[in-house]
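# Structural characterization, general
Take a look at the letters that make up each chain.
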Amino acid sequence: AQSVTQPDIHITVSEGASLELRCNYSYGATPYLFWYVQSPGQGLQLLLKYFSGDTLVQGIKGFEAEFKRSQSSFNLRKPSVHWSDAAEYFCAVGVRYQLIWGAGTKLIIKP
Amino acid sequence: EAQVTQNPRYLITVTGKKLTVTCSQNMNHEYMSWYRQDPGLGLRQIYYSMNVEVTDKGDVPEGYKVSRKEKRNFPLILESPSPNQTSLYFCASSLSTGNQPQHFGDGTRLSIL
């Protein structure tokens, strides 16, 4: 069965430091891959997506993600985080008629 | 402005009292979906609709109903709510199929006492 794993429930990063959020998936074919962000009290906003082609994709708010087929991973990165990046981040895999979601990683920013 | 609108945003009600959460999108999207979000579980799909009059069960459909009589609207119905349906609910839409980028509403927080 398809699944998405985000191994880190929480991550704490100092403002200005780099960030990497991990996402691993289980799916037989190359899936469509997404990262979404959820700020407190709000809905989910699409950060970036991978369908095919270049395995390094750029998104909004300075985020990027790299698809590694051999590792079944799609990790999210940002070179320098800002306090406004504090939120919950969700990785999702698109399979046929639905998105399969990871449980989310809560990002905490230390001043 | 392209948006998905859910109402109400917050609702506290009692067990067994039927309720409907409305969802409307203005993007002419064919695909619409309902999710519930619970701590530590991510988003779980309740029902989805590929087009008007076409609906199908997601991963957690028990206790919920939906309808899709018009393209823009996709209401979620809880005919006899129970406390285990206390959750944060999201409606989403996408252009054609569910594996495409989805646009989300701001969520509805339901508390069933």
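That block above? That's the structure.
As a starting point, this report considers the structure included with it.

Basis of the calculations
Residues numbered from 1 in each chain as written. Chains lettered and ligands numbered in written order. Predicted model: local features only at pLDDT ≥ 70, side-chain atom pairs only at ≥ 80, totals over all residues. Heavy atoms only, no water. Helix = DSSP H or I, 4+ residues; strand = E, 2+ residues; numbered from the N terminus. Contact = heavy atoms within 4.5 Å. Buried area = accessible area lost by both parts, 1.4 Å probe. Salt bridge = Lys/Arg side-chain N within 4 Å of Asp/Glu carboxyl O. Polar contact = N/O pair within 3.5 Å; in protein donor to acceptor, adjacent residues only side chain to side chain. Nonpolar A, V, L, I, M, F, W, Y, C, P; charged D, E, K, R; others polar. Buried < 20%, exposed > 50% of the residue type's maximum accessible area, 1.4 Å probe, protein only. Pairing = 2+ DSSP bridges. 1 Å grid on protein atoms, 1.4 Å probe; cavity = no way out; pocket = protein on both sides within 12 Å on 5 of 7 lines; lining within 4 Å. Points joined across faces, edges and corners; volume = space filled by probe spheres on them.

Quick look at the environment of B:Gln100 now. With respect to the secondary-structure elements, B:Gln100 resides in the loop between β9 (87–94) and β10 (103–104). C-alpha separation for the pair B:Gln100 and B:Tyr31, spaced 69 residues apart in sequence, amounts to 9.4 Å.

What follows covers the interface of chain B and chain A. Between chain B and chain A, the contact holds 23 residues from the first and 21 residues from the second. Carbon and sulfur atoms make up 56% of the area that chain B and chain A hide from each other, which totals about 1,600 Å². Summed over the shared surface of chain B and chain A, the result is zero salt bridges. Summed over the shared surface of chain B and chain A, the number is three residue pairs in polar contact (both at pLDDT 80 or more). Mapped onto the side of chain B that touches chain A, the elements with two or more residues apiece are β4 (31–38), β5 (42–51) and β9 of chain B. Partitioned by chemical class, the residues of the side of chain B that touches chain A number ten nonpolar, ten polar and three charged.

So, about the pattern of salt bridges. As enumerated under the stated definition, the model contains eight salt bridges over all chains in all. The salt bridge partner of B:Arg36 is B:Asp38, with a shortest N-O separation of 2.9 Å. The same class applies to B:Arg36 as to B:Asp38, namely buried. Shared partners join several salt bridges into a network, and the residues in it are A:Glu64, A:Glu66 and A:Arg77.

All names here are of chain B. Pairing is antiparallel in the open sheet, where four strands are placed in the order β1-β3-β8-β7. A single partner strand is all that each edge strand has here, and the edge strands are β1 (4–7) and β7 (65–66). As judged from the two bridges shared by β7 and strand β8 (residues 76–78), these two strands associate in the antiparallel manner. Residue pairing for β8: Val66 is matched across the bridge by Leu76.

In this section: the layout of surface pockets. In this structure, the largest pocket spans a volume of roughly 650 Å³. What lines the largest pocket is a set of 32 residues, among which A:Gln38, A:Glu88, A:Lys106, B:Gln37 and B:Arg109 lie closest to the centre. When its residues are assigned to classes, the lining of the largest pocket shows 13 nonpolar, 13 polar and six charged. Lining the second largest pocket we find 23 residues, and of these A:Gly43, A:Leu44, B:Phe104, B:Gly105 and B:Asp106 sit closest to its centre. Mapped by element, the contributors of at least two residues to the lining of the second largest pocket are β5 (32–38) and β6 (44–50) of chain A together with β1 and β10 of chain B.

Our next topic: the pairing of β5(A). Residues and elements named next belong to chain A. Of all the seven residues making up β5, six are buried; the element is thus mostly covered by neighbouring parts of the structure. As defined by bridge partners, β5 adjoins strand β10 (residues 87–95) across seven bridges and the pair is classed as antiparallel. Bridge pairing in β10 links Phe34 to Ala92. Alignment of β5 against β6, held across six bridges, turns out to be antiparallel. Its bridge partner being in β6, Val37 is matched across the sheet by Gln45.

Everything listed here is a matter of coordinates, which is why it stays silent on function.
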